[in-house]
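One-letter residues, chain by chain:
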Amino acid sequence: MVKVAVLGASGAVGQEIIQTLEQRRFPCDELLLLASPRSAGKKIPFRGRLLEVKPVTAESFNGVQIGLFSAGGSVSAEWAPIAAKAGAIVVDNTSHFRMHDDVPLVVPEVNGDLLAQRPPKGIIANPNCSTIQMVHVLEPLHRAWGIKRIVVSTYQSTSGKGAQAMTEMEEQTSALLSGDDEVAPNQFPHQIAFNVIPHIDSFTDNGYTKEELKMMNETRKIMRAPKINVSATCVRVPVFRSHSEAVNVEFEKPVDVAEARRMLRATPNVEVVDDPSRNEYPLAIYAEGRDETFVGRIRKDISNPNGTGLDLWVVSDNLRKGAALNAVQIAEILLEKGIVKR
């Protein structure tokens, strides 16, 4: 009997996790939905029934084998160790544990071998949504030619900040189209409707935001390549779902574009959409609700005189592969490898 708990069940990612568990027919015999007392009481459909979201307590994790957490860093910091002590393996979607040396940071298609044994602290970290889709695409290219440097600019949807952020964009858009001259931002530092904001998370002393530093540090950890140089600029755009990224990569060796396309087509859960003559390339609206990571605009960087540069356009649904799906895939592998007993 497999008992699964979802902490943060009433949030955007939590609800996506529940939907993903159902769609993938995850073999759980009991699903427990948890949240803070303020968010408890909501009823969410699962397998033809309405499950009530319960307030989390220390007793909530009795008998739980897998915990899927998406309730914020401070919540995970408090409850993940409690759940692990009770015997659960926690897959945490927040940034709190990602850079801990004794916590695996996993994208199954890249470093799923780390799931061959129980994690030391009983906790596995789910990476940042923008990092997941980028390393998913770059890993086979890194194996072939060795990455020296990555420069990435992201175009991140409002759902990356949660359901209230999506509502704010919708309300601002409606208000402006109705003739209002001003809309007051709440979830974002500026108006998001009809705007682009080069600011996600708080700024640090070196001028980068925490979101940008996450991409830099997590990429090196996941790809087990501490010497890769990474520079990121993370931008919020007025899109509901799916993050897009312009990725420039410099390799140790000259790169072959046709071979890069071949390798990417052979990569599990990556879909190449790359026919500019037909205006075919990855789009956020087409990635929404899909499990794949999409890549296109694959071309040599003509500013690189050594032939070692490549430009890519990468798109993925941040609530699916960027969060819920990646977590559920980790849980599936834990079952497949017998780390979690059925």
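Residues numbered from 1 in each chain as written. Predicted model: local features only at pLDDT ≥ 70, side-chain atom pairs only at ≥ 80, totals over all residues. Heavy atoms only, no water.

1. Regarding the overall build of the protein
Next up, step 1: Across its full length, the protein holds 9 helices and 14 strands.
Next up, step 2: Over its C-alpha atoms, taken along the principal directions, the protein stretches across nearly 60 × 55 × 40 Å.
Next up, step 3: In the protein, which comprises 342 residues, the share counted as buried stands at 54%.
Next up, step 4: A separation threshold of at least 6 residues defines the contact pool for the protein, and within that pool the share at least 24 residues apart is 67%.
Next up, step 5: Across the protein, 39 positive and 41 negative side-chain charges occur, with their mean positions spaced 6 Å apart. (Helix = DSSP H or I, 4+ residues; strand = E, 2+ residues; numbered from the N terminus. Buried < 20%, exposed > 50% of the residue type's maximum accessible area, 1.4 Å probe, protein only. Contact = heavy atoms within 4.5 Å. Lys, Arg positive; Asp, Glu negative; His and termini not counted. Charge placed at Lys NZ, Arg CZ, Asp CG, Glu CD.)

2. Focus: the environment of Arg 149
Next up, step 1: Looking at the element boundaries, Arg 149 is found in strand S9 (residues 147-156).
Next up, step 2: Using a relative accessible area of 41% as the deciding quantity, one classes Arg 149 as partly exposed.
Next up, step 3: Considered as a pair, Arg 149 and Ser 231 are 82 residues apart in the sequence and their alpha carbons are 8.2 Å apart.
Next up, step 4: With residues up to four places along the chain from it excluded, the contact list for Arg 149 reads Asn 229, Asn 248, Val 249 and Glu 250.

3. Notes on a nonpolar patch on the surface
Next up, step 1: Nonpolar side chains collect at one region of the surface, where Leu 283, Ile 285 and Tyr 286 lie side by side and expose about 330 Å² of accessible area between them.
Next up, step 2: Following the sequence through the fold, Ile 285 ends up in helix H8 (residues 284-287). (Patch = residues over 30% accessible without salt bridge, like charges linked within 9 Å, V, L, I, M, F, W, Y side chains within 5 Å. Areas by Shrake-Rupley, 256 points an atom, 1.4 Å probe, with all protein chains shown as cover. Salt bridge = Lys/Arg side-chain N within 4 Å of Asp/Glu carboxyl O.)

4. Topic: the packing of helix H4 (residues 129-145) against helix H9 (residues 320-336)
Each packed pair of helices is defined by two parameters, the angle between the axes and the distance between the axes.
Next up, step 1: Following both chains from N to C, one finds H4 and H9 inclined at 85°, their axes separated by 8 Å at the closest point. Judged on the interaxial angle alone, H9 and H4 are roughly perpendicular. Packed against H4, whose contacting residues are Cys 129, Ile 132 and His 136, the element H9 presents Lys 321, Gly 322 and Asn 326 at the interface.
Next up, step 2: The residue inventory of the contact of H4 with H9, partitioned by class, reads 2 nonpolar, 3 polar and 1 charged. (Axes fitted to C-alpha atoms, helices over the stretch in contact; angles between N-to-C directions. Parallel < 35°, antiparallel > 145°, perpendicular 65-115°, else oblique. Nonpolar A, V, L, I, M, F, W, Y, C, P; charged D, E, K, R; others polar.)

5. Thoughts on the pattern of salt bridges
Next up, step 1: Taken as a whole, this structure holds 21 salt bridges when the rule is applied.
Next up, step 2: The salt bridge partner of Arg 241 is Glu 16, with a shortest N-O separation of 3.2 Å. Note that Arg 241 is positioned in the loop between strand S10 (229-236) and strand S11 (243-251) and Glu 16 in helix H1 (residues 12-23), a separation of 225 residues in sequence.
Next up, step 3: For Arg 241, the salt bridge goes to Asp 317, with nearest N and O atoms at 2.7 Å. With Arg 241 in the loop between S10 and S11 and Asp 317 in the loop between strand S14 (309-316) and H9, this residue pair connects regions lying 76 residues apart in the sequence. Asp 317 shares its class with Arg 241; the two are buried.
Next up, step 4: Look at the salt bridges and you will find they share partners, linking Glu 16, Arg 24, Arg 241, Asp 291, Asp 317, Arg 320 and Glu 332 into a network.

6. Side note on unusual backbone geometry
Next up, step 1: Despite not being glycine, Ser 242 has its phi angle at roughly 90°, a positive value.
Next up, step 2: Position of Ser 242 relative to the elements: it lies in the loop between S10 and S11.
Next up, step 3: The phi dihedral of Asn 269 is positive, around 70°, even though this residue is not glycine.
Next up, step 4: Locating Asn 269 in the fold gives a position in the loop between helix H7 (257-265) and strand S12 (270-272).

7. As for the sheet that holds S11
Strand-to-strand pairing in sheets goes through backbone hydrogen bonds, with the strands running parallel or antiparallel.
Next up, step 1: Pairing within the open sheet is mixed, and its 6 strands lie in the order S10-S9-S11-S14-S13-S12. Where the open sheet ends on each side, the last strands, each with one partner, are S10 and S12. Across the sheet, the axes of successive neighbouring strands diverge by a mean angle of 20°, strand direction being ignored.
Next up, step 2: Each of S9, S10 and S11 touches helix H6 (residues 210-222); the most contacted strand, S10, lies at about 140° to it.
Next up, step 3: Packing of H7 onto the sheet brings it into contact with S12, strand S13 (293-300) and S14, and relative to S13 it is tilted by some 170°. (Pairing = 2+ DSSP bridges.)

8. A few points about the nonpolar core
For soluble globular proteins, nonpolar side chains are generally found buried alongside one another.
Next up, step 1: Grouped together as the largest cluster of nonpolar side chains are 56 residues, with contacts concentrated most on Leu 138, Leu 141, Ile 150, Val 247, Val 295, Leu 310 and Leu 312.
Next up, step 2: Looking at this core, the element that brings in the most residues is H4, giving 7 residues.
Next up, step 3: Each residue touching Val 295, except ones within four places of it in the same chain, is listed here: Val 137, Leu 264, Val 270, Glu 271, Val 272, Val 273, Pro 282, Leu 312, Trp 313 and Val 314. (Core = buried A, V, L, I, M, F, W, Y, C linked by side-chain atoms within 4.5 Å.)

Such coordinate-based values are descriptive only and should not be taken to indicate function.
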